[in-house]
Amino acid sequence: MIAIIILTLTVIMMIANTENVAMAATKWQDGPMVRSTNTQFAVAVHVLTYLAGVEEGHTVSSEELSKSANVNPVYVRRVLGPLRTAALVSSRPGVHGGWELAADPAHITLEQVWSLLHGLDPVLGLHGPDPACATGRHVQKTLTALDRAVADAVAATLRRFTVQDVLAGVPSEMEPLLDA
């Protein structure tokens, strides 16, 4: 079980996306290895948790949310768009406008957030090899099957946690990971 959680967290951190890609340096053997990391899920969970902790009826500006998440306000609005479409958040325009949670945080699973932002996109950042290459076809077929298994493990793990859980702090079943 712990191995699945570790794998899930590792995969979440390694997800590649063509939009709004942040570069993260990772120590790899004798030097840094740069990889792209999609931060949409992490920013969405951060913002949803922030909104869950705000007094009901109080809106929060994109600027305030972006300052808390340490990202650009435009990025916050882009991340919140699919969440608004799914009726998890709502927004009000104007001087006293902003964002508010539109759903009970105890009913918003992290899997739901993940699915809204990533859909069926590959988790492992698959590439398109030369179709004439026998090795490429074999590798692609294997990685596609592995990608589905990893995606299912990510979804199964995230399904167990809600925004309310995140607001309450580290779930007890995750604490062993922090001690490792």
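Below is a short write-up of the structure. Bear in mind the structure is a predicted one, so any value in this text is a computation, not a measurement.

About the cut-offs
Residues numbered from 1 in each chain as written. Predicted model: local features only at pLDDT ≥ 70, side-chain atom pairs only at ≥ 80, totals over all residues. Heavy atoms only, no water. Helix = DSSP H or I, 4+ residues; strand = E, 2+ residues; numbered from the N terminus. Buried < 20%, exposed > 50% of the residue type's maximum accessible area, 1.4 Å probe, protein only. Contact = heavy atoms within 4.5 Å. Pairing = 2+ DSSP bridges. Arc of directions from axis to C-beta. Axes fitted to C-alpha atoms, helices over the stretch in contact; angles between N-to-C directions. Parallel < 35°, antiparallel > 145°, perpendicular 65-115°, else oblique. Nonpolar A, V, L, I, M, F, W, Y, C, P; charged D, E, K, R; others polar. Expected span 1.5 Å × (residues − 1). Salt bridge = Lys/Arg side-chain N within 4 Å of Asp/Glu carboxyl O.

### Brief notes about the overall build of the protein chain
- Broken down by element type, the protein chain carries eight helices and four strands.
- What you see in the protein chain, going N to C, is helices and strands ordered as α-β-β-α-α-α-β-β-α-α-α-α.
- Expressed as a percentage of the 180 residues in the protein chain, the buried residues total 35%.
- Within the protein chain, counting contacts between residues at least 6 apart in sequence, those at least 24 apart form 58% of the total.

### Concerning the pairing of strand 4 (residues 98-101)
- Side chains G98 and E100 project from strand 4 onto one buried face, and the interleaved W99 and L101 project onto a second face that is buried too.
- Strand direction decides the pairing type here: strand 3 (residues 89-92) and strand 4, joined by four bridges, are antiparallel. Pairing of R92 across the sheet is with G98, part of strand 4.
- Hairpin connection between strand 3 and strand 4: a loop of five residues separates the two successive antiparallel strands, and G94 in this loop has a positive phi of roughly 105 degrees.

### Quick word on helix 3 (residues 62-69)
- Turning to helix 3, its buried residues number three or more, namely S62, L65, S66 and A69. All buried residues of helix 3 lie within an arc of 100 degrees about the axis, which places them on one face of the element.
- Contact partners of the buried residues in helix 3: helix 2 (40-52), helix 4 (73-85) and strand 4.
- Of the residues one or two after helix 3, N70 is the one with positive phi, at around 60 degrees.

### Side note on the packing of helix 2 against helix 4
- Contact geometry for helix 2 and helix 4: axes closest at 10 Å, N-to-C directions at 80 degrees. Comparing the axis directions of helix 2 and helix 4 gives the class roughly perpendicular. Listed contacts from helix 4 to Q40, V43, A44, V47 and L48 of helix 2 are Y75, V76, V79, L80 and L83.
- Residue classes in the contact of helix 2 with helix 4 are distributed as nine nonpolar, one polar and no charged.

### Points about helix 6 (residues 134-158)
- Between its first and last C-alpha, helix 6 extends 36 Å over 25 residues, near the 36 Å set by a 1.5 Å rise per residue.
- When we look at burial in helix 6, the residues that qualify are G136, Q140, D147, V150, A151, A153, V154, A155, T157 and L158.

### Looking at the pattern of salt bridges
- Here the structure, examined in full by the defined rule, presents four salt bridges.
- Note that R92 is salt-bridged to E100, the shortest N-O span being 3.0 Å.
- Judged by its relative accessible area of 40%, R92 is partly exposed.

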